[in-house]
Amino acid sequence: MVKQDVQIHVGMLFLALHLHSGAAAAAMLKVDMVQDGNGGSGDTISHSLTLVQRLEALLVQGNGSDLSLRVETPSADEVKVIQAHSLVLSLQSPVFEEILQSRNSSTLVLKESTDCAAVFDKFIRYLYCGEISLRLDQATPLHKLATKYQVTGLQQGITHYMTHNLARDSSTGHVAGWYEYALQAADVSLRDSCLQFMAWNLSSVLQSGEWVTISSQLLMSLLQRSDLILQSEMELFAALEAWIIQNEPDGLTAENALRAVRYAMMPPRELFRLQTQSSILARYQESVRDLLYLSYQFHSASPLHMAKYFDVNCSLFMPRNYLSPVWGAPWIINNPSRDDRSTSFQTQLGPSGHDSSKRVTWNALFSPRWLPLSMRPMYTEAGAMQPTRVDGGRPRIIITPATSSADFAGVNFQKTVLVMAQQQGKVVVKNVYNFHQSTEENGDFLAEADLYRRTSEYLIDSSLYLHIVVKPLYQTLMTGKK
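Bear in mind that the values here come from a model prediction, so they are computed numbers and not experimental data.

Calculation rules
- Counting from 1, residues in each chain are numbered in the order their sequence is written.
- Under the rules for a predicted model, residues below a pLDDT of 70 receive no local features and side-chain atom pairs below 80 are neither given nor counted, while totals for whole chains, interfaces and linings still include all residues.
- With hydrogens and water set aside, each side-chain value is computed from the structure's full complement of heavy atoms.
- Per the convention used, a helix needs a DSSP run of H or I reaching at least four residues, while a strand needs a run of E reaching at least two, with both numbered from the N terminus.
- A helix is expected to reach a length of 1.5 Å times the quantity of its residues less one.
- Bend, at a single residue, is the angle you get between axes fitted to the 7 residues ending at that residue and the 7 residues starting at it.
- Relative accessibility decides the category of a residue: with a 1.4 Å probe and only protein chains considered, values under 20% of the type maximum give buried, values over 50% give exposed, and everything between is partly exposed.
- Contact criterion: two residues are considered in contact whenever any of their non-hydrogen atoms come within 4.5 Å of each other.
- Helix axes use the C-alpha atoms of the stretch in contact, all axes being lines fitted to C-alpha atoms, and the angles between their N-to-C directions lie in the range 0 to 180 degrees.
- Should an angle lie under 35 degrees it is considered roughly parallel, over 145 roughly antiparallel, and from 65 to 115 roughly perpendicular; all remaining angles are considered oblique.
- Handedness of each helix crossing follows the sense of rotation of the near helix against the far helix: counterclockwise by less than a right angle gives left-handed, clockwise gives right-handed.
- Any residue outside Ala, Val, Leu, Ile, Met, Phe, Trp, Tyr, Cys, Pro, Asp, Glu, Lys and Arg is labelled polar, Gly included; the first ten of those are nonpolar and the last four are charged.
- Only strands joined by at least two bridges in the DSSP assignment are considered to pair.
- Throughout this description, the term nonpolar core refers to a set of buried Ala, Val, Leu, Ile, Met, Phe, Trp, Tyr and Cys residues connected via side-chain atoms within 4.5 Å.
- Domain boundaries shown here were taken from an automatic or database domain assignment.
- Whenever a carboxyl oxygen of Asp or Glu lies within 4 Å of a side-chain nitrogen of Lys or Arg, that contact is scored as a salt bridge.

### Examining helix α18 (residues 285-300)
Then, number 1: Between the first and last C-alpha of α18 there are 21 Å, a value that for 16 residues agrees with the 22 Å anticipated at 1.5 Å per step.
Then, number 2: Bending of α18 peaks at approximately 30 degrees at the position of Leu 291.
Then, number 3: Those residues of α18 that sit buried are Gln 285, Ser 287, Val 288, Leu 291, Leu 292, Ser 295, Phe 298 and His 299.
Then, number 4: Its buried side turned inward, α18 meets α15 (251-259), α16 (268-277), α17 (279-283) and α19 (303-307).

### Comments concerning the packing of helix α11 (residues 188-200) against helix α13 (residues 216-223)
Then, number 1: Running from N to C, α11 and α13 cross one another at 55 degrees; their axes reach a closest spacing of 10 Å. In terms of orientation, α11 and α13 fall into the oblique class. The interaxial crossing formed by α11 with α13 has right-handed handedness. Together, Leu 195, Met 198 and Ala 199 of α11 and Leu 218, Ser 221 and Leu 222 of α13 make up the contact between the two elements.
Then, number 2: Here the residues of the contact of α11 with α13 sort into 5 nonpolar, 1 polar and no charged.

### Quick look at the environment of Ile 244
Then, number 1: By secondary structure assignment, the location of Ile 244 is in helix α14 (residues 233-247).
Then, number 2: For the pair Ile 244 and Ala 257, spaced 13 residues apart in the sequence, the C-alpha separation amounts to 9.1 Å.
Then, number 3: Residues in contact with Ile 244, not counting those within four places in the same chain, are Pro 249, Ala 254, Leu 258 and Ile 280.

### Let's talk about the pairing of strand β12 (residues 412-423)
Then, number 1: Judged by how many residues are buried, β12 sits mostly within the fold: 9 of 12 residues are covered.
Then, number 2: Alignment of β12 against strand β14 (residues 463-473), held across 8 bridges, turns out to be antiparallel. Opposite Gln 414, over in β14, you have Lys 471 as the bridge partner.
Then, number 3: Pairing analysis gives 9 bridges linking β12 to strand β13 (residues 426-435), with the strands arranged antiparallel. Counted as the bridge partner of Val 419 is Asn 431 from β13.

### Overview of the packing of helix α7 (residues 120-129) against helix α8 (residues 139-148)
Then, number 1: Running from amino to carboxyl end, α7 crosses α8 at an angle of 50 degrees, the nearest separation of the two axes being 10 Å. As far as their axial angle goes, α8 and α7 are oblique. The two elements α7 and α8 cross, and the hand of that crossing is right-handed. Contacts between α7 and α8 involve Phe 120, Lys 122 and Phe 123 from the first element and Leu 142, Leu 145 and Ala 146 from the second.
Then, number 2: In terms of residue class, the contact of α7 with α8 is made up of 5 nonpolar, no polar and 1 charged.

### Some thoughts on the nonpolar core
Then, number 1: With 130 residues, the main nonpolar core has Phe 120, Phe 123 and Tyr 263 as its most contacted residues.
Then, number 2: Looking at which domains feed residues into this core, each of domain 1 (49-136) and domain 2 (321-370 + 393-474) supplies at least three.
Then, number 3: Sequence-distant contacts of Tyr 263, that is, excluding residues within four places in its chain, are made with Phe 237, Leu 258, Leu 271, Leu 281, Val 288, Leu 291, Leu 292, Ser 295, His 299 and Leu 316.

### Notes on the pattern of salt bridges
Then, number 1: For the structure shown, the criterion picks out 19 salt bridges.
Then, number 2: With a shortest N-O distance of 3.9 Å, Asp 66 and Arg 103 are connected by a salt bridge. Placement of the pair is Asp 66 in the loop between α3 (48-61) and β3 (67-72) and Arg 103 in the loop between α5 (94-101) and β5 (107-111), with a sequence separation of 37 residues.
Then, number 3: A relative accessible area of 17% places Arg 103 in the buried class.
Then, number 4: A salt bridge links Arg 191 to Asp 192; the shortest N-O distance between them is 2.9 Å.
Then, number 5: One salt-bridge network, in which partners are shared between bridges, spans Arg 70, Glu 72 and Lys 111.

Shown next, in the form of structure tokens:
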């Protein structure tokens, strides 16, 4: 009985397509010269656009329909009825194919969540037309439907759409919501993209209305990262305080979150202000008293002296990627494909209050076409040495201190270069590179960037937007101590 229904439907479907072709189909005639299998030229007649239009007309008008889709929500407060065609659904979705093989009625009842039911007509239209228009708030329910009915092309397309629209403005925010959904749906690619975007653009996330709605799991995932990019640790504490006030979590959750703050990265005056003015810190002061005490000690003693008694190789004493002028500087390189460029800037020697008055001057050199020595001929025929910058090389940045100092003892400076890009009209962090002296250390610095093309996604108004962060680390002290 089912096979007979499908056969009748096939006949009716193609009859309907044929009857509606006519002059419009002729108007869409497309002739291309192509090579046939024998090496000769041939013509291609394409009515693909017209075919899609006829399929859409079948859906809209219900011509030749052999199936009614009744879409119900759990509360049954909304019902949608869509006239459809078994052949199309079976071809596009293995789940529909299996359901339709065992159906005994011309009406198929589908239970969907409210958000999925609201976009179900868009989903069905995609099965007929192979295209879809959507808004940010429709991405998650459409992805759910594509996953449920195993429409792989749509599922991958929406994942790509979400990944490339993380920076887009929305009234309530959407990145954290997409992260939570990706976690639930086990979409590792989308989950990691959302988490990385939030970590690298945390200041904008903290200022969005979505911040106070994030889950405690996502909150801890962010707080424990050292690659967070934000203005300062104070900015992070203020946002955490707002989250705790809004969500009123249980005591253990609040304590764990507060213990993930790196208080030693705050100047002593800011620490004192928090202790006297923050209601949240006053409520949970006993839970973080040891961290505050260590932080005050860290600011009053030299790092070398601290390393004799405490483990300074822990997150409390490790800076994140702070955009404050104390820890780095922006660098805009105009026409980055042309010549070597250089700049100088100053940072504080270290986050310790003991080093607050000490400054280090850094020299940075950018070369757009540099080749490693191993790939560079040593001598020309005339015996002259080859220049270090040659055509065909790759971009490199070298960052070195202008002078050496005894104060550097025990401090290992990690440099981080943030590469900015413009997405959806906003400047965001596109990539992050960590090294100690030269970007050659990680080997992939701007490897995919086409700096010669003015429309390159790595350029903003034909310029390369960078931000250099210098992070003083103390791992070498621990090595010497052991």
